[in-house]
Each structure stands twice: as structure tokens, then as C-alpha cells.
Amino acid sequence: MSRIDKHRNILDFALSSLLRRKRKNIALVIMYTSLIFILASVIFFTEAIKREACILLENSPEMIVQKTMAGRHDLIPDNYIRSIESIRGVQSVRGRLWGYYYEPTRRANYTLTVPEHFSYGTGYIAIGKGVSRTLEAGKGDLVPFRAYNGSYVSLEVADVMTAESEIISSDLVLLSEPDFREISGAPGGFFTDLGVRVRNAKELPVIADKIRRVLPDTRPILKNEIVKTYETIFDWRGGIVMVILMSAVFAFVILAWDKATGLSSEEKREIGILKGIGWETSDVLWLKFWEGAVVSLTSFFLGVILAYVHVFLASFILFEPVLKGWSVLYPEFRLVPFIDPFQIMTIFFLTVLPYTAATIVPSWRAATIDPDSVMRL
Amino acid sequence: MSIRKVDVFLLSISVALCLFAFIFVHASLTKKSELPALRENSKMVRTLEITDICLFTEARYTRHLSMADLHTPFQDHPMSLEHFPSGALITPPPHLRQYVQDR
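Calculation rules
Residues numbered from 1 in each chain as written. Chains lettered and ligands numbered in written order. Predicted model: local features only at pLDDT ≥ 70, side-chain atom pairs only at ≥ 80, totals over all residues. Helix = DSSP H or I, 4+ residues; strand = E, 2+ residues; numbered from the N terminus. Buried ≥ 20, exposed ≤ 12 C-beta atoms within 10 Å, placed from the backbone. Contact = placed C-beta atoms within 7 Å. Core = buried A, V, L, I, M, F, W, Y, C linked by C-beta atoms within 7 Å. Expected span 1.5 Å × (residues − 1). Bend = angle between axes of the 7 residues up to and from the residue. Domains from an automatic or database assignment. Nonpolar A, V, L, I, M, F, W, Y, C, P; charged D, E, K, R; others polar.

K.L.:
Please clarify how the overall build of chain A should be interpreted in this entry.
P.N.:
Along chain A, the regular secondary structure elements total 14 helices and 12 strands. With the C-alpha coordinates aligned to their principal axes, the bounding extent of chain A is approximately 95 × 50 × 40 Å. Among the 377 residues that make up chain A, the fraction classed as buried is 37%. Long-range pairs, those at least 24 residues apart, make up 80% of the contacts in chain A with a sequence separation of at least 6.

Structure representation (C-alpha cells):
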């Protein structure tokens, strides 16, 4: 009998043995699959968000300079532009105007932004898909904004941004500078922050240092810091991600511990009988290995496939309540599936290997003792 | 001839492996088809000088995470506890943490 035939027979026996304890093993597979599903969903989701954000934000401004007052972000006067422009290596400095607008009737927060070139002009706005959804407004509709002094400013929707851009534009309201100042009350000669362009990107840290020295009440934020923010956004140490991971890991430890601490008397008796009828210790270990492998491989494949469907085809529906929080305007977007073999290997090594090992150790202990004493248990 | 359990199992595992391979094929095809939209979004980030992606809209320091300052979670008063769910989900930007260490 070839080695393959031998293992086919042992695997066949392992399957019969698992089917004899059908209910227990089905429950085990369901639990194990859920565990892998949660772990894989978290890994797929966080990695996809990070990579998409990093690709998109590679084009974010080279440097942003904020003015701080008593530790908080404050409006920056336009004379700061001239001070920064005089620093060697600075190509251009632009005052950026942006802020937030709370819409009381819908209880939603929007981001008001003044683009460098706003083609629609004063009296018009371009809105993100999320804004359009919450306001039920489309192209040509008038949207009233409550200004800082209580008066109302009505602006016409000139354009609704595409659904594909929701990950960056869902809550955006693009408008002209006079309209922004009229709504927000930002005085002339002041900006929200400054966008700085430099001649040589390698000089960014040096220029940032000079800005900090010339204008001590400012805080430069570099592009690589913006990108790094999103590289570490769902760090394993961060809040709920850690809670989910730790719950999954603890559930798995309990599962593996249950297996590793010993076999049931029925399983021990089975091993004794097998040894009594002539099975060798290595055959018994192979049997237990295959039993563990059947359970863990089935759960692994099911868990990972379900997680993929959940995150990339079902728009991570189970995570939605957590991500929504208290926000009324929630971006609806589909993630680009950035998956790689490394992620799959991580899930495999975290779950399948320890479980299979945990099934073999107690079996090895039972298989090396006298069959007679095991059968008497 | 009756079908053995081992054959059924091996067949199921083969189907699962095919589905598994299909995941990678699907991911690769989707990435390719999403590439133009991704490029378009990337262009938008440049023209609108966008600094953050729109994941959460409930609090300003989670909407514009990279622009947040050290005091943003203490919105109401210095002893105020962070109270937005998204604040519990994400970590503060590394440059803010570095800033605290440097002080």
C-alpha cells in the first residue's frame, strides 16, 4: 500500500470518527469559522482602508501650516504668507479656506471647502454625494445655509460629485471665497491654514524647521505625516480594533486550551482500541492530525471566503454600526480589495497551525501509554 | 461503487481552493477596473488639496485626523472625556504623539 493510499485510509477513518461526534464537531466548525471570519474581516478591512488612503493622499499638499493659539487651531493672518514666502526653498504659499457647517434640520456635519479655482463662481456650490443624500438636493436646487450672524444664504447646486469619489468627497461642499466668508464669518485677511509648495521635496523638514523658528505659534504638517496618519489609522493598539482582536484571540486560546488539556475518555478509549488492534503510535498521531486538519482547514476556507464577501462585496455591513457612530452623514463606498498572500498567511499561522498542534499534543500523550490502561478508563 | 467520505472531502477542499483562487482573481480584476476611478480621485485630492479621507463625519478630529491638534478631543472643557465612538476606533496621528514626546 502506497503512502498516499495509507493517508487516504487514515483520512477516511478520521472523517468517520468526526461524523460519529457530528453535533460537537459542527458546533466547533461554526465557532472556529466565526472566529476566523472576524479576524480576516478586520485584517482585510483595515489593510484596504490604509492602502487606499495612502495611494490617494500621496497627492495631498506638501506642507500645511496651521496657527495655534492656546494649543488649538486658530485662523492664520495673511502676513504669515509673506514671512513663509521669504524662506529660501519655498515655491509658493496659498491661504486655504475650509471649515465645518452643522446642518440643524438634518443634524449632519459638512465640510466647507474653497478650491483654488472654483469654476462655478459666487452663488453656486458643488456637493458630495453624501451631502446630496442627506439634503435630498440635486443639480439646480437651492440650498439655504445659516450664516454665523443668523442670516440665511441660499446657494444653487451646480454639480454633485460622483459616487466613486465618496471616500474623499462625501461630505464636501465646494463654494467660492465670498460665500465661505459670508457663511462662516471668517474675516478678510485671515485663512484657515496655509498650503506650502517647495522647490525640492527633500528640503521639507528643513523648511518646516525654519517656519517653526520664524513663526513659533505655527505648526507645520508634512505630507509624509499625513500619509503616516493613515498608515497607522487602525493600529492594533487602537480601541475597538484591539477589543475585537483580543476577544477573537481569547476565544481561540480557550478553544485550543480545551483541546490541549486533554481528550475525552471516549477519545482515549478509541486510541486504546486502535492501538490494541495493531495501530502504531505514528498512525494514531496521523489520525489525530487529520482530524484537526479537517476541522481547521474547513473553518479556515469558510471563514476567509466569507470575510472577503463581507468586506469587499457586502460593503462591510457588520462593521457599519461601529463606523457610523453618531454621524448622520455616512459615506457609502466600496473598498478596493487590496489582499495579498501575506495577509492570508498571517490568518493561517494565527489560527490553523496552533489548533492543529493543540490536537496532536494530548493525542501523543494518550497514544504513548499502555492500550490496556487507556481502555480501562 | 459507493463514494468514500475521503473523496467527498477532497472534492470539497478542491472546490474551496478554487474559490480561494477566485478571490485573488476577483481582487486583481476589481483593482484593475477601479484604477481609473482611483486615479480620478487622486487627481481630485491634488486639485482640492485634500488632506484626509472621509471615513467619519461625527467629530472634526476624526474627520480631519491629520489636521487635529492636541486638544481636539477635549471639546467641552479640559477634563472632558472623549465621547465620540470614532475616537475609540482610531489612534491619534503619529506626528502628534511625536510632538508630545519632543516637548
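K.L.:
How should the overall build of chain B be read in this particular structure?
P.N.:
Helix and strand counts for chain B stand at 3 helices and 0 strands. Burial statistics for chain B: of 103 residues in total, 27% are counted as buried.

K.L.:
Looking at this model, I keep getting lost on the nonpolar core. Mind explaining?
P.N.:
One recurring pattern in soluble globular proteins: nonpolar side chains tend to sit buried together. Of all hydrophobic cores here, the largest spans 100 residues; its most connected members are Phe44, Val173 and Leu175 of chain A. Here this core gets 16 residues from one element, more than from any other, and that element is helix α2 (residues 22–57) of chain A.

K.L.:
Is there a simple way to explain unusual backbone geometry in this structure?
P.N.:
Excluding glycine, a negative phi dihedral is what most residues carry, and trans is how most peptide bonds are arranged. Here the phi dihedral of serine 315 of chain A falls at roughly 50°; this positive angle occurs in a residue that is not glycine. Residue classification places serine 315 of chain A among the partly exposed positions, given that 13 C-beta atoms sit within 10 Å. The backbone phi angle of glutamate 49 of chain B is positive, close to 55°, even though this residue is not glycine. Of note, glutamate 49 of chain B is situated in the loop between α1 (5–47) and α2 (60–63). You can call glutamate 49 of chain B partly exposed: it has 18 C-beta atoms within 10 Å.

K.L.:
Mind showing me how you'd approach α1 of chain B here?
P.N.:
Since the α-helix packs 3.6 residues into each turn, any two residues three or four apart lie on the same face. Residue and element names in this part refer to chain B. Under the 1.5 Å per step criterion, the end-to-end length of α1 is 61 Å for 43 residues, consistent within 8% with the ideal 63 Å. The sharpest bend along α1 measures roughly 45° and falls at leucine 35, with the proline proline 36 sitting one to four residues further on. Looking one or two residues beyond α1, the residue adopting positive phi is glutamate 49, at roughly 55°.

K.L.:
So what exactly am I meant to see when it comes to the domain arrangement of chain A here?
P.N.:
It is common to give the size of an interface as the accessible area that goes away when the parts come together. Residue and element names in this part refer to chain A. Annotation of chain A at the domain level lists domain 1 (3–57 + 233–375) and domain 2 (63–230). The C-alpha centroid of domain 2 is placed 47 Å from the C-alpha centroid of domain 1. In terms of residue class, the side of domain 1 that touches domain 2 is built from 9 nonpolar, no polar and 3 charged.

K.L.:
Sorry, what's going on with the interface of chain B and chain A here?
P.N.:
Every contact between the two is made by 48 residues of chain B and, on the other side, 61 residues of chain A. Listing elements by their share of the side of chain B that touches chain A, those giving two or more residues are α1, α2 and α3 (94–102) of chain B. Broken down by element, the side of chain B that touches chain A gets its largest block of residues, 20 residues, from α1 of chain B. When its residues are assigned to classes, the side of chain B that touches chain A shows 27 nonpolar, 11 polar and 10 charged.

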